[in-house]
Number of protein chains: 2
Amino acid sequence: MKVLHDDCLTLLPTLEEDSVQLVYLDPPFFTQKEHFLRTRDNSTEYSFKDNWRSLEEYLSFMQNVLSQCKRVLKKSGSIFFHCDKAAAHHLRVLLDSVFGSKNFQSEIIWAYKRWSNTKKGLLNSHQTIYFYSKSADFKFNTIYTAYSPTTNIDQILQARRRNGFGKVVYHRDEEGQVILAKEKKGVPFSDVWSIPFLNPKAKERVGYPTQKPILLLERIIQISTDSGDTVLDPFCGSGTTLVAAKLLGREYIGIDSSIEAIRLAEKRLTEPVKTDSQLLFTGETSYLEKTDYERAILKSIDALPVERNSGIDGFLRSYIEGSPVSVRIQKQNEDLETAKQKLLRASQSKNCAVMILVRTHRTTEWLNYAQEEPKIMIIDSYDLVIEEWLERRKTIEVTSADK
Amino acid sequence: MKVLHDDCLTLLPTLEEDSVQLVYLDPPFFTQKEHFLRTRDNSTEYSFKDNWRSLEEYLSFMQNVLSQCKRVLKKSGSIFFHCDKAAAHHLRVLLDSVFGSKNFQSEIIWAYKRWSNTKKGLLNSHQTIYFYSKSADFKFNTIYTAYSPTTNIDQILQARRRNGFGKVVYHRDEEGQVILAKEKKGVPFSDVWSIPFLNPKAKERVGYPTQKPILLLERIIQISTDSGDTVLDPFCGSGTTLVAAKLLGREYIGIDSSIEAIRLAEKRLTEPVKTDSQLLFTGETSYLEKTDYERAILKSIDALPVERNSGIDGFLRSYIEGSPVSVRIQKQNEDLETAKQKLLRASQSKNCAVMILVRTHRTTEWLNYAQEEPKIMIIDSYDLVIEEWLERRKTIEVTSADK
DNA sequence: AGGGAGCCTGAATCCTCAA
DNA sequence: GTTGAGGATTCAGGCTCCC
């Protein structure tokens, strides 16, 4: 339970051999720049340098760190090495050479959505964590997750076997009764982790650059240690790893070369703050407010769906007359006038020159809104057109039959 | 447009320099087997040196391949290298040395869900594709996706600027009116792609275990080439890349050292109709058959897409008057009469009481087919309705301005 | 030409105001 | 007071532009 201030190459050799269950490393990524960030109240600026004379210098430094990490690790211990695209491949070559390629366990992909930028090409939205063990006999706690909603309950509960043709079928006894499968715990964790990026507005943020979400560290600690085990973070920064370790009842050792970081980590440890991600808590689907039907209509007019707005369902991708075009789909149990008013009100502040209202059923057939309100275009949904055509056809048939 | 049979190191030098826009590499399995055998028996019997030597051989072979790929690539061209995770880091080091690390564009993560196994540790559920360009001036078509559901529309639509204190605020004019941002088309694609593995049924039909999902290749081809460009796959296997290229209107060159693979690829290419409908007629994987636009229209009228029928694009899920309803969407460069004839002919044997023809552009406005042919319902596409509404609006404005 | 300052972007939060 | 809809804010990365 200590937070130590010095270069980790100085301090690591002072730690006892075979004493640590988990090493988590979040070193500089070889971005070749200095990272700054201010606290929300603007009082303090934290920074760290990630400038190196060459890749060789960087790798040689990391090699020394890794050798020390291996020394202090218990035989059943593991190392999780956090890196990004800048040097991930070189670092994995290094890890292979220090820990042995046979001790490679996983390439964990931390995938997240984040605000975009103007990069040509694909938006970067993942970082890599290499998971190596010290030996084949490493500690690992399998965590099970819920089955995906598309898995049906029979698949989970019923035993299966191959029938005469080699096809897998549900197992039943002679009387046709279902045979239950062995107890199942869920789906084991995969190596692709979708964890929200620590949002700029999150209270969990302490103003230290490159801060990682506590949730990410909790997961690493849970799969590789038991309570009472020791966790080491040689580049602890603001101390996220230590906070996670403390919350989970693990011992911890943190090292950082910046005294500001150490002070911040110590402060966080006395009063740890973990905010629950609203998104993670409620799930992304809770933000989705449209039916499949509405989405299909939006897609077929190449409109972008928009959530969190009760008046507007989407926007056309292209502007008309220099301004955006809002789209609303008439809801069930909503008459056209109401739909129109909602669309108008919501679009008011958006400077729309034209609005599109998709009529899905006919409640006020006699009105001709297109004339009345020249900014609103009313389109009949395909369904409505088909329905009315069929009705008209029936009438015609009846009429001709009458003759 | 050729499929060549020989070792790619023999054939690549015969290809013209600066002639190819995209190289997709999915290297052969035999080297992987070697690698897997070593990791599977998990013994330390194999000395590091032995393994290193075979790895070196492999890398030296790949280095030659990559040099040739670079030679045949146009200056604006790109290479997508699909890696086996066991050697991904070594291959990226190689790619760095051949193409230059400054031409590294993305590490694409292909993430998928998979049935769990009993492996200790995390479930592998991703593969890596490295994306390098030949120069800084590479071709790239950005694909835009929907905004996150947590995003509110103000930040998309409103322009922002810095106020006196350097803080970013929404831009407003003197009267406090919102100032619009430039037109936005959505969020650019990220480097983490969730694409399901091939549907097991489809897999069964082709019998090619290493086959990649067609959607994956389609996406790669779309972001890095335009129609008419040439795609090269030096390890083409069953030819999925070539089929995708052909159906997207790209030229293609495929190479494989296995004569069985070449024969299969050639067969798929000469009769893509049959083979691919077999491959793809298993529900959601029908990505190549229809344009997104057509699929969206079919979905919004709740119609099931039909693959590879030159007259019919889909059927309504529900029958009308006891018989199926065929749907056709008027193609670009096709006049309504032609569309109608094709639909009629294709529907003849299907006993349709009603047919739906979606008009997407107006070539023969004066005709009223609904009267003439009571079995065919003609629906104007949303796009067409919008377009004509805007034109009418313009006319009205001009007229009122005249007054 | 090269380096640094500043701009643009949107995810997910916080905050405000109205009902 | 309570709720919640929707407006406002922050951050980092890659770009462009300017000196």
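Our structure's up above, just so we're on the same page.
All figures in this text were calculated on a predicted structure; none of them were measured in a lab.

S.K.: Would you mind showing me how to read the overall build of chain A here?
M.R.: What chain A contains, in helices and strands, is 12 helices and 19 strands. The buried share of chain A, reckoned over its 403 residues, is 51%.

S.K.: What exactly am I supposed to notice about the interface of chain B and chain A here?
M.R.: In many reports, interface size means the accessible area that the parts give up when they come together. Contacts between the two partners involve 87 residues from chain B and, on the opposite side, 86 residues from chain A. Taking both partners together, chain B and chain A bury about 7,500 Å²; carbon and sulfur atoms supply 63% of that area. The largest per-residue losses of area from chain B upon contact with chain A belong to Leu 122, Pro 149 and Tyr 382 of chain B, which jointly make up 11% of the total buried on that side. Our count for the chain B to chain A interface comes out at 3 salt bridges. The closest approach of N and O atoms between Arg 393 of chain A and Glu 321 of chain B, which form a salt bridge, is 2.7 Å. There are 29 residue pairs in polar contact (both at pLDDT 80 or more) connecting chain B and chain A. Residues that form the side of chain B that touches chain A fall into these classes: 46 nonpolar, 21 polar and 20 charged.

S.K.: What's the story with the protein's contact with DNA strand C in this structure? I'm lost.
M.R.: The environment of DNA strand C is formed by 22 residues, the closest being Trp 115, Ser 116 and Asn 199 of chain A together with Thr 151 and Gln 155 of chain B. Take the atoms of DNA strand C that sit within 4 Å of the protein: sugar and phosphate atoms are 57% of them. Asn 199 of chain A places a side-chain nitrogen or oxygen 2.3 Å from a sugar or linking oxygen of DNA strand C. Within the contact set of DNA strand C, a base nitrogen lies 2.6 Å away from a side-chain nitrogen or oxygen of Gln 155 of chain B. Within the residue set of the surface near DNA strand C, elements represented by two or more residues are α8 (278-282) of chain A together with β7 (160-162) of chain B. Taken together, the residues of the surface near DNA strand C sort by class into 4 nonpolar, 10 polar and 8 charged.

S.K.: What is the right way to look at the protein's contact with DNA strand D in this model?
M.R.: In the vicinity of DNA strand D, 23 residues are found, and the nearest of them are Asn 124, Pro 200, Arg 308 and Ser 310 of chain A together with Asp 154 of chain B. Put simply, 61% of the atoms of DNA strand D that lie within 4 Å of the protein are in sugar or phosphate. Separating a base nitrogen of DNA strand D from a side-chain N or O atom of Asn 152 of chain B is a distance of 3.1 Å. Contact between DNA strand D and Asp 154 of chain B: a phosphate oxygen at 2.4 Å from a side-chain N or O atom of the residue. For the surface near DNA strand D, the residue count by class is 4 nonpolar, 7 polar and 12 charged.

S.K.: When you look at the state of the cysteines in this model, what are you seeing that I'm missing?
M.R.: What is meant by a disulfide is a covalent connection between two cysteines, made through their sulfur atoms. Residues and elements named next belong to chain A. Under the counting rule described, the total for this entry stands at 0 disulfides over all chains. Cys 8 takes part in no disulfide bond, and the closest cysteine sulfur to it belongs to Cys 69, at a distance of 7.3 Å. Judged by relative accessible area, which is 4%, Cys 8 ranks as buried.

S.K.: What should I look at first to understand the nonpolar core in this one?
M.R.: In a soluble, globular protein the nonpolar side chains are often hidden away together inside. By size, the foremost hydrophobic cluster in this structure holds 38 residues, and its most contacted members are Leu 316, Val 354 and Ile 356 of chain A together with Leu 316, Val 354, Ile 356 and Met 377 of chain B. Setting aside anything within four residues of it in sequence, one finds Ile 356 of chain B in contact with Ile 386 of chain A together with Leu 316, Val 325, Ser 326, Val 327, Arg 328, Leu 343, Met 377 and Ile 379 of chain B. The next biggest cluster of nonpolar side chains, apart from the first, holds 36 residues, and it includes Cys 8, Leu 12, Val 20 and Ile 79 of chain A.

S.K.: Is there a simple way to explain the packing of helix α5 (residues 214-224) of chain A against helix α6 (residues 240-247) of chain A in this structure?
M.R.: A packed helix pair is summarised by two numbers, namely the angle formed by the two axes and the spacing between the axes. Residues and elements named next belong to chain A. Axis separation between α5 and α6 bottoms out at 9 Å; the angle between their running directions is 60°. Viewed along their axes, α5 and α6 adopt a mutual orientation that is oblique. Between α5 and α6 lies a crossing whose hand is right-handed. Of the residues in α6, those in contact with Ile 214, Leu 217, Glu 218 and Ile 221 of α5 are Thr 240, Thr 241, Val 243, Ala 244, Ala 245 and Leu 247. Grouping the constituent residues of the contact of α5 with α6 by class yields 7 nonpolar, 2 polar and 1 charged.

S.K.: Explain the packing of aromatic side chains here, please?
M.R.: Ring pairs (aromatic) are described by centroid distance and by the angle formed between their planes. Enumeration according to the criterion identifies 27 aromatic pairs over all chains in this entry. Ring geometry for Trp 52 of chain A and Tyr 58 of chain A: centres 5.0 Å apart, planes at 70°, overall edge-to-face. In this pair, the class of Trp 52 of chain A matches that of Tyr 58 of chain A, namely buried. An aromatic cluster of three or more residues is present, and its members are Phe 30, Trp 52, Tyr 58, Phe 61 and Phe 235 of chain A. Directly above the ring of Phe 104 of chain B sits Arg 92 of chain B, whose terminal nitrogen or CZ lies 4.0 Å from the centroid.

S.K.: Just to check I follow, could you spell out the pattern of salt bridges for this structure?
M.R.: Pairs can form between side chains of opposite charge once their charged atoms are near each other. Residue and element names in this part refer to chain B. Enumeration according to the criterion identifies 34 salt bridges over all chains in this entry. Between Lys 139 and Asp 229 there is a salt bridge; the shortest N-O distance is 2.8 Å. In this pair, Lys 139 is assigned in the loop between β5 (126-133) and β6 (144-145) and Asp 229 in the loop between α7 (214-224) and β11 (230-233), connecting sequence segments 90 residues apart. Exposure remark for Lys 139: the relative accessible area of 21% places this residue in the partly exposed category. Owing to a relative accessible area of 10%, Asp 229 belongs among the buried residues under this scheme.

S.K.: Whenever I open this one, unusual backbone geometry confuses me. Can you help?
M.R.: Negative phi values dominate among residues other than glycine, just as trans dominates among peptide bonds. Residue and element names in this part refer to chain A. A positive phi is found at Arg 308, a non-glycine position, where the angle reads about 60°. Judged by its relative accessible area of 48%, Arg 308 falls in the partly exposed class. The backbone phi angle of Glu 321 is positive, close to 50°, even though this residue is not glycine. Considering the arrangement of structural elements, one finds Glu 321 in the loop between β16 (314-316) and β17 (325-329).

S.K.: Before we go on, may I ask you to explain empty space enclosed by the protein in this structure?
M.R.: Over the atoms a probe the size of a water molecule is rolled, and this reveals where empty space is left. Throughout the structure, instances matching the rule amount to 1 cavity of 30 Å³ or more. In this structure, the largest cavity spans a volume of roughly 100 Å³.

S.K.: Whenever I open this one, the sheet that holds strand β15 (residues 303-305) of chain A confuses me. Can you help?
M.R.: Backbone hydrogen bonds hold the strands of a sheet together, and the pairing may be parallel or antiparallel. Residue and element names in this part refer to chain A. Pairing in this open sheet of 5 strands is mixed, and the strands run β15-β16-β17-β18-β19 from one edge to the other. For this open sheet the edge positions go to β15 and β19 (376-380), each flanked by a neighbour on one side alone. The sheet shows a mean angle of 25° between the axes of neighbouring strands, taken without regard to direction. Here β17 pairs with strand β18 (residues 354-359) via 5 bridges, running parallel. Bridge pairing in β18 links Ile 329 to Val 358. Packing of helix α10 (residues 336-347) onto the sheet brings it into contact with β17, β18 and β19, and relative to β18 it is tilted by some 150°.

S.K.: Mind showing me how you'd approach the sheet that holds strand β7 (residues 126-133) of chain A here?
M.R.: Residue and element names in this part refer to chain A. Strand order in the open sheet formed by 8 strands is β1-β14-β13-β2-β5-β7-β6-β12, with mixed pairing between adjacent strands. Here the strands that pair on one side only, and so sit at the sheet edges, are β1 (2-5) and β12 (192-194). Each strand axis lies, on average, 20° off the axis of its neighbour in the sheet, ignoring direction. Taken together, the 3 bridges between strand β6 (residues 104-111) and β12 define a ladder with parallel strand orientation. Within the sheet, the bridge partner assigned to Ile 109 lies in β12 and is Val 192. Strands in contact with α6 are β1, β2 (20-25), β13 (230-233) and β14 (251-256); relative to β14, the strand with the most contacts, it is inclined by about 170°.

S.K.: Could you clarify how one ought to interpret helix α9 (residues 292-300) of chain A in this entry?
M.R.: Spacing of three or four residues puts side chains on the same side of an α-helix, whose turn is 3.6 residues. Regarding α9 of chain A, the residues found buried are Glu 294, Ala 296, Ile 297, Leu 298 and Ser 300 of chain A. One or two steps after α9 of chain A, the chain reaches Asp 302 of chain A, where phi turns positive at roughly 60°.

S.K.: Hey, could you run me through the side chain of Asn 103 of chain A in this one?
M.R.: Residues and elements named next belong to chain A. Considering the arrangement of structural elements, one finds Asn 103 in the loop between α3 (88-99) and β6. A relative accessible area of 4% means that Asn 103 is categorised as buried. Within the structure, Asn 103 has its side chain in polar contact with the backbone oxygen of Lys 134 (distance 3.4 Å). If near-sequence neighbours (up to four positions away) are discounted, Asn 103 is found in contact with Phe 131, Tyr 132, Ser 133, Lys 134, Ser 135 and Ala 136.

What counts and how
- Residues numbered from 1 in each chain as written.
- Chains lettered and ligands numbered in written order.
- Predicted model: local features only at pLDDT ≥ 70, side-chain atom pairs only at ≥ 80, totals over all residues.
- Heavy atoms only, no water.
- Helix = DSSP H or I, 4+ residues; strand = E, 2+ residues; numbered from the N terminus.
- Buried < 20%, exposed > 50% of the residue type's maximum accessible area, 1.4 Å probe, protein only.
- Contact = heavy atoms within 4.5 Å.
- Buried area = accessible area lost by both parts, 1.4 Å probe.
- Salt bridge = Lys/Arg side-chain N within 4 Å of Asp/Glu carboxyl O.
- Polar contact = N/O pair within 3.5 Å; in protein donor to acceptor, adjacent residues only side chain to side chain.
- Nonpolar A, V, L, I, M, F, W, Y, C, P; charged D, E, K, R; others polar.
- Near = heavy atom within 4 Å.
- Disulfide = S-S within 2.5 Å.
- Core = buried A, V, L, I, M, F, W, Y, C linked by side-chain atoms within 4.5 Å.
- Axes fitted to C-alpha atoms, helices over the stretch in contact; angles between N-to-C directions.
- Parallel < 35°, antiparallel > 145°, perpendicular 65-115°, else oblique.
- Left-handed = near helix turned anticlockwise from the far one by under 90°.
- Phe/Tyr/Trp six-rings, centres within 6.5 Å; stacked < 30°, edge-to-face > 60°.
- Lys NZ or Arg CZ within 6 Å of the ring centre and 35° of its normal.
- 1 Å grid on protein atoms, 1.4 Å probe; cavity = no way out; pocket = protein on both sides within 12 Å on 5 of 7 lines; lining within 4 Å.
- Points joined across faces, edges and corners; volume = space filled by probe spheres on them.
- Pairing = 2+ DSSP bridges.

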